[in-house]
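Commentary on secondary and tertiary structure
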Amino acid sequence: MKAMDWRVWLTGLRTRLVVVALLGLLPLVVTALASSLHATLVVAMAVLGLVLAGWAGEALVLAPMRLAQQQARQTLESTERALQLALDRLRTAQRIGRIGNWDFDIASNRVWWSEETAAIYGVTPGAPDPAGSAHEGGLSHVFSDDRETYAAAQKLFFAGQGTLDIEYRTVRADGELRWVHALGEAVRDVQGRPVTLSGTVQDITDRKLARDALTASEAQFRRLTDGMPHIVWTMQADGQHSWFNQTWLDYTGLSMEDSLTKGWSILLHPEDAERTSTLWAGALSRGEPCEIEHRLRRADGVYRWMLGRALPQMDADGRRVQWLGTLTDIDDLKRATELLEKNMFMNRIAGRMARLGSWTIELPDRKLTWSDENCAIHEVPAGYVPTLEEGLSYFLPEDRLKVVRLVEACAEQGTPYEFIVPKMTAKGRRIWVRSLGEAVRDADGNIIRLQGAFQDITEQKAAEARTLALEARMISTLESITDGFALMDADWCFTFLNRQAERMLQRPAGQLLGKNLWEEFPDVLGTPVEREYRTSVAQQRTARFEAFYRPLRTWFVFHVYPTQAGTAVYFQDITQRREEQAQLRLLETAVSRLNDMVVITEAGADKDGGPRVVFVNDAFERQTGYSRENALGQSVMLLWGTTHQQAELQRIRAAMDRRRAVRTEISVRTRHGALLWLELDIAPIAGESGKFKHWVAVGRDVSERRQQQQEILSLNSELEQRVLLRTGQLAEVNKELESFAYSVSHDLRSPLNTVDGFSQLLLKSDAGNVSTKGLHYLERIRAGVKQMGDLIEGLLTLAHLSREEIKSESVDLSAMARVIEQVHREREPQREAQFCIQDGLQAQGDPRLLTAVLQNLLGNAWKFSARQQVARIEVGCEPATDGEAVFFVRDNGAGFDMAFAHKLFGTFERLHSPGDFPGTGIGLATVKRVIDRHGGRIWADSKPGEGATFYFTFGQPM
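Attention here is on the structure that accompanies the text. Predicted model, so just to flag it, every value in this text is computed and none were measured.

Among the eight residues that make up strand β20 (residues 566–573), seven are buried, leaving the element largely enclosed by the rest of the structure. Inspection of the sheet shows strand β16 (residues 484–489) paired to β20 by six bridges, in the antiparallel sense. Of the residues in β20, the one forming a bridge with methionine 488 is threonine 567. Alignment of strand β19 (residues 554–562) against β20, held across seven bridges, turns out to be antiparallel. The residue bridging valine 560 from the neighbouring strand is valine 569, located in β20. Linking β19 back to β20 in an antiparallel pair, the connection comprises three residues.

Now the structure itself:
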C-alpha cells in the first residue's frame, strides 16, 4: 500500500479497537447502573461483554488485518516482478550499448564490477582480478599513455570534487587495446561526505575509430585543399556563397566577409560579366554542372583569364544541397587544369552515449511494450503502447519478413538475434537501428517473454557514409583533373597516383604505390628535380619548376606542396607548349628577317582614321626609313597618308570595314620622300573567340617591277611589228617545207618501190637458182626497204601533225583504249595478256590525234611486254596535287634505264636494239608532238626488267 493508505487504515483500526472495548464494557456498565441485580446475572452480563468484545474484535480488527496482510504480500510480489523485469531490460540495454556498472566502497577500498564491465576489460566475471580489487588495481587496466590523465581525473573524483567523465584506452587481458568512456558520481552520507562511488563504463572503440577515420579523412582533404594552386568556393543551393579558400583571399585581397557578401561577380571583366552571369544563372536554375571561361580581377587590378567550373552536390535523395566550384588560372599560354576541390560540412559526431530503447513482448498474448527512450527513437509520445503489428510496420517492407522470422524463431526456440536495418519513424524520418532480442524463460524453462532493445545508430551510419562519400569525392576530383597528381609520405614513398599520373609516367599505380620515388625513378637523382624536391621539403615551402625527363623525352612543370605528413605534387606535360614556344620564337625571327615588310595593326581605327601599328619587322625599317620607335603606336596613315591613289585607299578602307582581305598595289613616300611602290596583301586576324583583333599587312617592294613594266609597254608596239613580220616569214618557210616533204617522199618512194618489186620478182621467178645466202640477202633488202618506208611514213605523219588544225571535243579515252586492245588481241591471239582499263576516262582534245597517242603508247606496251608469260597493261588516271588529271599507261615489260630518259621522245631515238624489239623511233616523238600541241606534259618512270609507266596530261589545245 501507499503511505497515505496505511495511515488511513491505522486510523480505522484504532476506531475499531475503541468500538470493541465499548462493546465489552457495555454489560458491566448496565450491571453497575442496576445495583439490585443478582450476582448470577452480573456474571452473565460479564460473559456477554466478553462474547461481544470477541465477536467485534474478530469482525472489526482481526479480519481486516488478515486482508491487509494478504494485499501487502501481493503488492510485494508484483513489485518484485516489476523490479526483475526492469533489471532484465536494463541488462539487455547495457549489453547492446556495451555499458557496464561499477561501485567502489571507500571505507573498505573495494571495487565491484558488473559482468559487462568485466567483459569490457577482458577479465572473467566473478574471478579475482590479478591487479587487485582496490581502485588502484583498476588503474593497471588503463593504457600506459593514458594513465597520468586517468589518475588525475580519478584523484579529483575520489576527493569529491565533481563527477567522473573521461575517455581513455584500456588494455584487455588478451592484450587488445579498446577505447572506454567512464562516468561516475558519489553517494554521500548525512554530513555530505562521499561513502560510495558508482558509475558506468562503455566500450566506445567503434565510435572512436569512426570519428578518428573521419578526422583523418578531413585532415587529408584539408591538406589537399591547401596544396591546390586553384581557387575553391562553395555555395548554398539557393546561390548564396558559403566559403572561399585562402587562394581566393590572396588573389582578390578581399576578406572572407566581403567575399561571402559580394561574391565573385563584382570582379568579372566588364566584357565577360553579362555572358558569365547568364550562363551561371541558367546552370543554377537547372541544377546542371557549369563551365565558363572569363577574366577575373586580381588584387593589384590586373585581369587574368580563369576557367570556372561549378558542380551541384546532391544528397542521398537526389536533392541539391550545395554547389562546389573552382577557378583555375589559364592565363599563361596553356589550358588550365580542371581541378575541382570538394569541401564537406561535417555534422556533429554521435553523442557521448548511444541512444538505447528497450522493448518486451509478453507471451502468449504477444503484448508489445516500449520504453520511453524507444518511443523517442521512433518519434512517438512517451508511454505509447503499439500493437505487435504496429511495431513491425516501422520496418521497411523489404525487411519485415526477415524480422518476423527472427522474432518467431526466438519465441518458439529461444534463438537470440541481432541485426542492423533501416526503419521509418512515425514522422517519416529514416533511421538506422541495431536490434537485439532474446527469450526469457520461467523456472520450468518455458519462454514467457521476449525482451530486447533498439540502438539508434543513424549518426554512426551517416558518419560512415560521409567518410565513404568524402573519399569517393576526393578520388573522383583527383581522377577528373587533367594534371598528374601524386602523394608521397615522409619517406618519399608513393601513397596515391591518379590516372593522369599513370599515363604521363607510363607506369601503373600498382607498380608504384608503397615504392620509393628515388628508387623507381633513379634517373632524376642528381638532377634539378631532386634538388628542388628536397629543398622544398626541407624549407617547407612550395616550389614550381620545369624540367626535362630524358627517359620519357618529356618536359614537365612541377608544383610541389610539402606538408608535415609528406608531399603533394601536381605535374603537367608541357612538351607541346615548349615546342610551340620555340616555333613561335623561330617564327618571330623568320618574320623579322623577311625581305617583305610585315605590319600588324589593331582592328579598330583611331582618331586619325587608321588603325594603330603594334608590330613592324626589319624590312619595314629598311624600306621606309622609319624605325620601330617611329612606327609603333602610330596610325598606318603615317605611310598611307602620303599616297596619291585616294580611290585605291578608299577601296582598301571599304574592304577593311567589311572585315575582308584585300590585295592591291599602292605607292607611298618613304621617310626621306622617295617614291615606293608596294604590293600589299591585307588580311584580318581573329582571336580564339572569333572576334577580329588585328590586321596584318605584307608589303613587297615592286618599284623595280613597275619601272620594268613601263619599259615593257614601250617595247610592246615594236615587238608586235616584229612578230607580224616573223609570222609571215614562218608561213612561207612552212609551205616550202611541206613541198619539200612531199617531194622527198615521192622521190624516195619510187626507187624503194623499184628495189622491193624486183626483189620480189627475183624470189618468185628464180628462187631455185639463188643460194641460201643470196635468199638471206634478198630478205634483208626487203626488210630494209620496209623500214625505210616506215621511216618516210613516220616523217610525213610528224610533219602533218605539226601543221594540222586541232578540233577540240570531249573524247572517251576508255572506249578508245578498248578498241586498240581488241585490235592487238586479234592480231596476236596466242598472246596471254591482261588489260585493266579504268572506266570514265574523259579528255578534251582532237579525237584523231589522241587516237595516235594511245595507239603508240599501247602499241609500245604490247610490244615490250611480249616476252612476259602474262602481259599486264593498265590504263588509268590519278589526280595531281593541284587537281590536274594525270593519265597513265603502265606495263610489266622490259622497261628501261632512267639514265637515258632524256632520249625517249627524240626523233629516231631508240633505247633497245632492233634485234630485240623492232621499231622506227618515231612513235614517242609523235606522242610528244601531240601532247605539246594540246598544252600538256608527258614523262615516264621505269626500271630495267620491271616495266614502264608513261604519264601524260592535256592542257588547253594550241
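Let us now look at the packing of aromatic side chains. Overall, the coordinates contain 32 aromatic pairs when judged by the stated rule. Measuring from ring centre to ring centre gives 5.8 Å for phenylalanine 556 and phenylalanine 558, while their planes differ by 45°; the resulting arrangement is tilted. Taken together, a centroid distance of 6.0 Å and an interplanar angle of 90° make the contact between tyrosine 561 and tyrosine 570 edge-to-face. Residue classification places tyrosine 570 among the buried positions, given a relative accessible area of 1%. Through a chain of ring-to-ring contacts, the aromatic side chains of Trp492, Trp518, Tyr533, Phe545, Phe556, Phe558 and Phe571 assemble into a single cluster. One cation-aromatic arrangement involves arginine 507 over phenylalanine 521; the distance from NZ or CZ to the ring centre is 5.6 Å.

With that out of the way, let us pick up the nonpolar core. Core analysis: the biggest nonpolar cluster contains 36 residues, and Leu813, Leu854, Leu857, Leu858, Phe950, Phe952 and Phe954 have the highest contact counts within it. Going through the elements one at a time, α25 (813–827), β27 (833–837), α26 (847–864), β29 (871–879), β30 (885–891), α27 (923–933), β31 (938–942) and β32 (948–952) are the ones with two or more residues in this core. Per-element accounting of this core gives the leading share, eight residues, to α26. Setting aside residues up to four positions removed in sequence, phenylalanine 952 forms contacts with Leu854, Leu857, Ala885, Val886, Phe887, Phe888, Val889, Ile931, Arg937 and Ile938. Counting residues in hydrophobic clusters, the runner-up holds 26 residues, among them Trp518, Phe545, Ala547 and Phe558.

What counts, and where the lines are drawn
All residue numbers refer to position in the chain's written sequence, counted from 1. Per-residue local features are limited, in this predicted model, to residues with pLDDT of at least 70; the limit for side-chain atom pairs, both in listing and counting, is 80 or more; totals at the level of whole chains, interfaces and linings are taken over all residues. To get the side-chain values, all heavy atoms of the structure are used, and hydrogens and water are removed first. To sort residues, take the accessible area from a 1.4 Å probe on protein chains only and compare it with the maximum for the residue type: under 20% means buried, over 50% means exposed, and anything in between is partly exposed. Strands here are runs of E lasting at least two residues and helices are runs of H or I lasting at least four, both read from the DSSP assignment and numbered beginning at the N terminus. Being paired, for any two strands, means DSSP has found at least two bridges between them. What counts as a ring pair is set by centres within 6.5 Å for rings of Phe, Tyr and Trp (its six-membered ring), and what kind of pair is set by the plane angle: stacked under 30 degrees, edge-to-face over 60, tilted for all other angles. Placement of a charge over a ring requires the Lys NZ or Arg CZ to be within 6 Å of the ring centre, with the centre-to-atom vector within 35 degrees of the ring normal. Each nonpolar core is a collection of buried residues, namely Ala, Val, Leu, Ile, Met, Phe, Trp, Tyr and Cys, held together in the definition by side-chain atoms within 4.5 Å. Residue contacts follow a heavy-atom distance rule, with two residues in contact if any of their heavy atoms lie within 4.5 Å.

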